[in-house]
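Understanding the architecture of this molecule
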Amino acid sequence: QTASPNLDALNAALTQYVTRQPALGEGYTVTRLSGSPATYALLADFGPDGPSAVRIYSGAPGQVALAARIDRYAQKDFLDDYIELVPWKGPESIFITAAGRTDELQTGIFTAWRFDGHQVESLWTSDALQLSTYEMAKDGFRITYCADPNPDDIHSCLKMQRDRYVWQDGKWNWAESTPLPGTKQP
């Protein structure tokens, strides 16, 4: 039986494909997803001058092959600007893509995906969320964002909100929403 790939070495080797320094949003990384058989997500982000895409590879050790793809050609509504990939911790191959602006407004669009061993499906996509940040926590995926933008100042928010999502009983579920105080951005 062939050993699992050394992802640290693979990701280090992928850095040689970055065409400019500093990278300016360009990058290529492989992430191990949960589930069986072994499943890996290759994130290719071509930076501000190009699209981004995810390729899913799956199979028995030594027999891993391309199994699914996520890009604007396969998924017509896929936002492919400045993508990051966040794996879910659990028994299934679920992950979140975070895309959007990286300027002071930090406007993000988040999509939860599930790979069932044969194909990838979109489980949920957020609206564009201003001043958004995210994290994967033990209790689920959390997004903090501006729920009430100040119409007189795009750099401030009257009310922030944190939503938590979970994968439970075979479904992507909104679990809770917590109101937070507003903020003034520098």
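Residues numbered from 1 in each chain as written. Predicted model: local features only at pLDDT ≥ 70, side-chain atom pairs only at ≥ 80, totals over all residues. Heavy atoms only, no water.

Focus on the sheet that holds strand β7 (residues 108–115)
Condition: Two strands are counted as paired when DSSP detects at least two bridges linking them. Secondary structure elements are taken from DSSP: a helix is a run of H or I of four residues or more, a strand is a run of E of two residues or more, and numbering for both begins at the N terminus. Between N-to-C directions, angles span 0 to 180 degrees; the directions come from axes that are lines fitted to C-alpha atoms, helices contributing only their stretch in contact.
Overall, antiparallel pairing links the 4 strands, which are arranged β5-β6-β7-β8 in an open sheet. A single partner strand is all that each edge strand has here, and the edge strands are β5 (84–87) and β8 (120–125). Neighbour-to-neighbour, the strand axes of this sheet turn through a mean angle of 30 degrees, independent of strand direction. Bridging between strand β6 (residues 93–100) and β7 involves 8 bridges; their strand directions are antiparallel.

What about the nonpolar core?
Soluble, globular proteins show a tendency: their nonpolar side chains are buried together. Here is the rule we go by: Residues belong to a common nonpolar core when they are buried Ala, Val, Leu, Ile, Met, Phe, Trp, Tyr or Cys residues joined through side-chain atoms within 4.5 Å. Here's how the labels work: a residue is buried when its accessible area is under 20% of the maximum for its type, exposed when over 50%, partly exposed in between, all with a 1.4 Å probe on protein chains only. We call two residues in contact when some of their heavy atoms are within 4.5 Å.
With 16 residues, the main nonpolar core has Trp-88, Ile-96, Phe-110, Trp-124, Phe-141, Ile-143 and Trp-172 as its most contacted residues. Mapped by element, the contributors of at least two residues to this core are β6, β7, β10 (140–149) and β11 (156–168). Here Phe-110 is in contact with Ile-96, Thr-97, Ala-98, Trp-124, Thr-125, Ser-126, Leu-129, Ser-132, Tyr-134, Phe-141 and Ile-143, once residues within four sequence places are set aside. Counting residues in hydrophobic clusters, the runner-up holds 15 residues, among them Leu-43, Phe-78, Phe-95 and Trp-113.

A look at the sheet that holds strand β4 (residues 65–70)
The strand order β1-β2-β3-β4 describes an open sheet built from 4 strands, whose pairing is antiparallel. Each edge of the open sheet carries a strand with a single partner, namely β1 (26–33) and β4. Adjacent strand axes in the sheet meet at a mean angle of 20 degrees when their direction is disregarded. Bridge count between strand β2 (residues 39–46) and strand β3 (residues 52–58): 7 bridges; the pairing is antiparallel. Following the sheet pairing, Leu-42 is matched in β3 by Arg-55.

Quick look at the state of the cysteines
Going by this rule: Any cysteine sulfur atom paired with another within 2.5 Å is treated as part of a disulfide.
Tallying each qualifying case throughout the model produces 1 disulfide. Each sulfur of the disulfide joining Cys-146 and Cys-157 lies 2.1 Å from the other. Negative torsions about the S-S bond denote left-handed disulfides, and the value of about 100 degrees found for Cys-146 with Cys-157 makes this one right-handed. One end of the pair, Cys-146, is in strand β10; the other, Cys-157, is in strand β11, and 11 residues separate them in sequence. A relative accessible area of 7% places Cys-146 in the buried class.

Here's the deal with the pairing of β1
Taken together, the 8 bridges between β1 and β2 define a ladder with antiparallel strand orientation. Residue pairing in the sheet places Leu-33 in a bridge with Thr-39 of β2. Taking the residues that link successive antiparallel strands as the turn, the β1-β2 hairpin has 5 residues, and the phi of Gly-35 there is positive, at about 105 degrees.

With respect to helix α1 (residues 7–14)
Each α-helix winds once per 3.6 residues, and so residues spaced three or four apart point in a common direction. Our working definition: In this description, one arc is meant: the one made by directions from the helix axis to the C-beta atoms. Polar contacts, as counted here, are pairs of nitrogen or oxygen atoms within 3.5 Å of one another; within protein the pair requires one atom able to donate a hydrogen and one able to accept it, and residues that are adjacent in sequence qualify only if both atoms are side-chain atoms.
When we look at burial in α1, the residues that qualify are Leu-7, Asn-11 and Leu-14. An end-on view of α1 places all buried positions within 55 degrees of arc, on one side of the element. As for α1, its buried residues are in contact with β1 and β2. Its side-chain oxygen at 3.1 Å from the backbone nitrogen of Asp-8, Asn-6 defines the N-terminal cap of α1.

Remarks on the packing of aromatic side chains
Going by this rule: In this scheme Phe, Tyr and Trp rings, the latter by its six-membered ring, pair at centre separations within 6.5 Å, and the angle between planes marks the pair as stacked below 30 degrees, edge-to-face above 60, and tilted otherwise. Throughout this description, the term charge over a ring refers to an Arg CZ or Lys NZ atom that lies within 6 Å of the ring centre and within 35 degrees of the ring normal.
Within the structure shown, the criterion is met by 8 aromatic pairs. Taken together, a centroid distance of 6.0 Å and an interplanar angle of 10 degrees make the contact between Tyr-165 and Trp-172 stacked. Feature note: the residues Trp-88, Trp-124, Tyr-165 and Trp-172 constitute an aromatic cluster, connected by ring pairs. Its end group placed over the ring of Tyr-40, Arg-32 keeps NZ or CZ at 5.6 Å from the ring centre.

Things to note about the pairing of β3
Counting buried positions along β3 yields 5 of 7 residues, so the element is predominantly enclosed. Sheet topology note: the β3/β4 ladder contains 5 bridges and is antiparallel. In the strand pairing of β4, Ser-58 is matched with Ala-65. Between β3 and β4, which pair antiparallel one after the other, the connecting turn spans 6 residues, and Gly-59 there sits at a positive phi close to 145 degrees.

Scope: geometric values only; no functional claims are made or implied.
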